[in-house]
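What follows is the residue order along each chain.
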Amino acid sequence: MTPGATAFPWEQAMAFGFGRLRLASRDFWTMTPRELAAAMTAHAGPARAAMDRAGLEGLMARFPD
């Protein structure tokens, strides 16, 4: 593996493919990583940026409890 690179998250990919999408093994293993990523985005929605301090303060003002 290249220094600084991380291993592919096979456990999470298989859990999503088999558990959430209920893919057959044959179908999962013939998907490309790009196809799996597209399925994950379609299921979970696009990734969002982390909330900044101003966003947190806005939520605290709206929901003071």
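On a predicted model such as this, the values are computed, not experimentally measured, just so you know.

1. Looking at the packing of helix H1 (residues 10-20) against helix H3 (residues 33-44)
- Interhelical geometry of H1 versus H3 gives an angle of 65° and a closest axis separation of 11 Å. Of the two possible hands of crossing, H1 and H3 adopt the one that is left-handed. Residue-level inspection shows Ala-13, Phe-16 and Arg-20 of H1 in contact with H3, the latter providing Leu-36, Ala-39, Met-40 and His-43.
- Counted by class, the contact of H1 with H3 contains 5 nonpolar, 1 polar and 1 charged residues.

2. Some words on the packing of aromatic side chains
- For the structure shown, the criterion picks out 4 aromatic pairs.
- Each ring, one from Phe-18 and one from Phe-28, has its centre 4.8 Å from the other, and the planes form 45°; the classification is tilted. Pair noted here: Phe-18 is in helix H1 and Phe-28 is in helix H2 (residues 25-30), with a separation of 10 residues, a long-range link.
- Given the relative accessible area of 31%, Phe-18 is considered partly exposed.
- Using a relative accessible area of 4% as the deciding quantity, one classes Phe-28 as buried.

Definitions and cut-offs
- Residues numbered from 1 in each chain as written.
- Predicted model: local features only at pLDDT ≥ 70, side-chain atom pairs only at ≥ 80, totals over all residues.
- Heavy atoms only, no water.
- Axes fitted to C-alpha atoms, helices over the stretch in contact; angles between N-to-C directions.
- Helix = DSSP H or I, 4+ residues; strand = E, 2+ residues; numbered from the N terminus.
- Left-handed = near helix turned anticlockwise from the far one by under 90°.
- Contact = heavy atoms within 4.5 Å.
- Nonpolar A, V, L, I, M, F, W, Y, C, P; charged D, E, K, R; others polar.
- Phe/Tyr/Trp six-rings, centres within 6.5 Å; stacked < 30°, edge-to-face > 60°.
- Buried < 20%, exposed > 50% of the residue type's maximum accessible area, 1.4 Å probe, protein only.

By themselves, these observations are geometric and do not establish any function.
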